[in-house]
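Read off the chains here:
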Amino acid sequence: MERQTIWHPCTQMKDLEQYGLIRAHSGKGIYIYDEQGKSYIDAVSSWWVNLFGHANPRIARAIAEQASQLEHVIFAGVTHEPARRLADRLVDLMPEDISRVFFADNGSAAVECAMKMSYGYRRNTGQAERNRFVYLTNGYHGETLGALSLCGEDLYTELYGPIMPRNIRAQGPDCFRCPYGRTRDDCACECFEHMERILEEQASEITAVMVEPLAQFAGGFKFYPPLYLKKLRECTARHGVHLILDEIATGFGRTGTMFAMEQAGITPDLVCVSKGVTSGTLPLSAVLTTDEIYGAFYADYTEMKAFLHSHSYTGNPLACAAAVETLNIFRDDDVINVNRAKAAHLRKAVEARFAGHPNVGEIRSLGFICAVELVSDPATKEPFDWKARTGYQIYRKAVERGALLRNLGDVVYFLPPYVITEEQIDELADIAIASVTDVLGE
Ligand SMILES: *Cc1c(COP(=O)(O)O)cnc(C)c1O
């Protein structure tokens, strides 16, 4: 028997006794090929990172050229062209007041940086008592302890409560099961009252609010209206609280605009980006912020105000080169506009197959994402018993049928690379409904 030395992420290793692992050998476009040559549609863009397909020739070339010139160099006291070009391009894509870029190497690290920048600003400006963060139910910001302390989903956090910083959870939007009986398209974001109360009562101890704009991914693909963000921006500004937008998953076109914040027309104090920034080829993240926050760290060395935070692979030239080429593709191929018709097709293809199924609670879409929440009874929105692992069974069936359609609880979601064609979308939707039928019947 082959040795099993690897401990896989987000996996109960015992499950592998039953199903084993997909042995990925190569990839091309939306497909992953295993060692036997069987193909799988990458329906989740390899954990939401891939934009332009596997083994994309343009990005592969950019990485190869950079690798033969300069693969990596310390980023303290040294700069290089790929990083400078990327930083300028990112700033150009942001609202006007966002002017500074700090690089890190994964999403959680960017979240930690943003938290430390926000609190560092307080320390450096005589407001050290503002030392807590507010986050939303169903929010997700990564797995390291600081990021995890802003995670509004007990599944991820409960075990580690005793070793995490204590931050403040605010009841956030829940549009599918709206307690106010409103709908996403017709509401005044009444649910903002919870956040508003916390900011009114506790602002003097709060440094920042962190949210995923418009779409909570890991919390179950929950989408909420831009109005919530407008209210949040107004209210945080009024109370002198920073607004940190985690655009790690929403960024780079996934919600239909380059960044989700554009749909609310707001300017945050700090923004985290990662995932799609390199089109899923290399790990890279960045925190972008204002001159005001940057300025609070700018002083004579002996004032001890510098932002002393670093990661070994900060500003990695290969990753920066991949990211610059990713942004070139956005520009050359008019990706945001071209995606619109494809995203509409994705929604139609899923609706056509799922709308009549007796376990469909809601089909929701936003930009290049379509999610189907399966429930035991759509009339009451009663979920399935979690122990039945309904979504997981569907995922297993889909893998057999040739699609990597990873579930999130009982939400089956479609988040393919942008290079998918309309025919491939239909093929994927066919596999999905067949897999649902395998598990739940017609
Ligand atoms: C994935 C994700 C993160 C964490 O990024 P990693 O690179 O996995 O550490 C943080 N925030 C959001 C919204 C994410 O989707």
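For clarity, every value in this text was computed on a predicted model and none was experimentally measured.

Q: Which residues make up the pattern of salt bridges, and what values do they have?
A: This structure, assessed with the given rule, holds 20 salt bridges. Arg177 is the partner of Glu373 in a salt bridge, and the nearest nitrogen-oxygen pair spans 2.9 Å. Here the residue Glu373 occupies a position in strand β14 (residues 369-374), and Arg177 occupies one in the loop between β6 (168-170) and α8 (192-202), the gap between them amounting to 196 residues. A relative accessible area of 28% means that Arg177 is categorised as partly exposed. It is possible to trace a salt-bridge network through shared partners that takes in Arg177, Arg184, Glu362, Arg364 and Glu373.

Q: So what about the confidence of the model for the protein? Which residues, and what values?
A: The predicted model of the protein has a mean per-residue pLDDT of 97, with 100% of residues at 70 or higher. Across the protein, strand β10 (residues 242-246) holds the top mean pLDDT of 99, while helix α7 (residues 154-157) sits lowest at 83.

Q: If you had to explain helix α3 (residues 57-67) to someone new, which residues and values would you point to?
A: In an α-helix, one turn spans 3.6 residues, which is why side chains three or four residues apart end up on the same side. For α3, the set of buried residues is Ile59, Ala62, Ile63 and Gln66. One face of α3 carries all of its buried residues, which in axial projection span an arc of 95°. Among the structural elements, α4 (81-93) and α11 (317-332) are those in contact with the buried residues of α3. The residue sitting at the N-terminus of α3 and contributing the capping side-chain oxygen is Asn56; that oxygen lies 2.9 Å from the backbone nitrogen of Arg58.

Q: Describe the packing of helix α13 (residues 390-400) against helix α14 (residues 422-440), with residues and values.
A: Between α13 and α14, the shortest axis-to-axis distance is 8 Å and the interhelical angle comes to 125°. Taken together, the axes of α13 and α14 lie oblique to each other. When you trace α13 past α14, the crossing you get is right-handed. Contacts between α13 and α14 involve Thr390, Gln393, Ile394, Lys397 and Ala398 from the first element and Ile431, Ser435, Val436, Asp438, Val439 and Leu440 from the second. Each residue belonging to the contact of α13 with α14 can be placed in one class, and the counts come to 6 nonpolar, 3 polar and 2 charged.

Q: For α4, give the residues involved together with the corresponding values.
A: Taking 1.5 Å of rise per residue, the 13 residues of α4 would be expected to cover 18 Å, and the 19 Å separating its terminal C-alpha atoms lies within 8% of that figure. Of the residues making up α4, those classed as buried are Pro82, Ala83, Leu86, Ala87 and Leu90. Across the axial projection of α4, the buried residues extend over an arc of 125°, all falling on one side. Opposite the buried face of α4, by more than 90 degrees, sit the exposed residues Asp88 and Asp92.

Q: Please provide a residue-by-residue account of the site of the ligand, values included.
A: Around the ligand, the structure places Trp48, Asn106, Gly107, Ser108, Tyr140, His141, Gly142, Glu212, Asp246, Ile248, Ala249 and Lys275. Between the ligand and Asp246, the relevant distance is 2.6 Å, taken from a nitrogen atom to a side-chain nitrogen or oxygen of the residue. Look at the ligand: alone it shows 380 Å² of surface, and the protein chains cover 83% of it. Here the shell around the ligand is composed, by residue class, of 4 nonpolar, 5 polar and 3 charged.

Q: Outline the nonpolar core, supporting the account with residue identities and numerical values.
A: Ranked by size, the top nonpolar core spans 109 residues in total, and within it Met195, Phe221, Phe252, Phe354 and Phe414 carry the most contacts. In terms of residues, this core owes the most to one element, α11, which gives 9 residues. Here this core gathers at least three residues from each of two domains, domain 1 (13-55 + 335-440) and domain 2 (62-332). If we skip the residues at most four places from it in the chain, Phe252 touches Leu51, Leu90, Met258, Phe259, Val273, Ser274, Gly276, Val277, Leu327, Phe330 and Tyr418.

Q: Give me the pairing of strand β2 (residues 31-34): which residues, what numbers.
A: A regular strand carries its side chains on alternate faces of the sheet. Bridging between strand β1 (residues 24-28) and β2 involves 4 bridges; their strand directions are antiparallel. Its bridge partner being in β2, Gly27 is matched across the sheet by Ile32. Note: β2 against strand β3 (residues 39-42), 3 bridges, orientation antiparallel. Opposite Ile32, over in β3, you have Tyr40 as the bridge partner. What sits between β2 and β3 in their antiparallel hairpin is a turn of 4 residues, with Gly37 showing a positive phi close to 90°.

Q: Talk me through the sheet that holds β2; I want residue IDs and the actual numbers.
A: In space, the 4 strands of this open sheet follow the order β1-β2-β3-β15, with mixed pairing throughout. Bordering the open sheet on either side are β1 and β15 (403-404), each of which pairs with just one other strand. Of the strands in this sheet, β2, β3 and β15 are in contact with α14, which crosses β3 at around 100°.

Q: Break down the packing of aromatic side chains for me, with residues and values.
A: In this structure the tally under the stated criterion is 21 aromatic pairs. Relative to Tyr418, the ring of Phe330 has its centre 6.4 Å away and its plane inclined at 75°; by these criteria the two rings are edge-to-face. Residue Phe330 is found in helix α11, and its partner Tyr418 is found in the loop between β17 (411-414) and α14; the two are separated by 88 residues along the sequence. By the burial criterion, Phe330 is buried, and Tyr418 matches it. Three or more aromatic residues joined by ring pairs form one cluster here, namely Trp48, Phe217, Phe221 and Tyr413. Taking the ring centre of Tyr294 as reference, the NZ or CZ of Arg100 above it sits at 3.9 Å.

Q: Can you tell me about the side chain of His239, naming the residues and giving the values?
A: Within the secondary structure, His239 is located in the loop between α9 (226-238) and β10. Taking the relative accessible area as the measure of exposure, His239 reaches 17% and is therefore buried. Discounting residues that sit within four places of it in the chain, His239 has contacts with Arg130, Leu199, Glu200 and Ala203.

Q: Mind laying out the state of the cysteines, listing which residues take part and the relevant values?
A: Per the counting criterion, the structure on display carries 0 disulfides. We note that Cys10 lacks a disulfide partner, and the nearest cysteine sulfur, in Cys151, lies 11 Å from it. For Cys10, a relative accessible area of 57% gives the class exposed. Note on Cys320: no disulfide assigned, nearest cysteine sulfur contributed by Cys113 at a separation of 14 Å. Assessed through its relative accessible area of 0%, Cys320 is described here as buried.

Rules of the game
- Residues numbered from 1 in each chain as written.
- Predicted model: local features only at pLDDT ≥ 70, side-chain atom pairs only at ≥ 80, totals over all residues.
- Heavy atoms only, no water.
- Salt bridge = Lys/Arg side-chain N within 4 Å of Asp/Glu carboxyl O.
- Helix = DSSP H or I, 4+ residues; strand = E, 2+ residues; numbered from the N terminus.
- Buried < 20%, exposed > 50% of the residue type's maximum accessible area, 1.4 Å probe, protein only.
- pLDDT = per-residue confidence, 0-100.
- Arc of directions from axis to C-beta.
- Contact = heavy atoms within 4.5 Å.
- Polar contact = N/O pair within 3.5 Å; in protein donor to acceptor, adjacent residues only side chain to side chain.
- Axes fitted to C-alpha atoms, helices over the stretch in contact; angles between N-to-C directions.
- Parallel < 35°, antiparallel > 145°, perpendicular 65-115°, else oblique.
- Left-handed = near helix turned anticlockwise from the far one by under 90°.
- Nonpolar A, V, L, I, M, F, W, Y, C, P; charged D, E, K, R; others polar.
- Expected span 1.5 Å × (residues − 1).
- Near = heavy atom within 4 Å.
- Areas by Shrake-Rupley, 256 points an atom, 1.4 Å probe, with all protein chains shown as cover.
- Core = buried A, V, L, I, M, F, W, Y, C linked by side-chain atoms within 4.5 Å.
- Domains from an automatic or database assignment.
- Pairing = 2+ DSSP bridges.
- Phe/Tyr/Trp six-rings, centres within 6.5 Å; stacked < 30°, edge-to-face > 60°.
- Lys NZ or Arg CZ within 6 Å of the ring centre and 35° of its normal.
- Disulfide = S-S within 2.5 Å.

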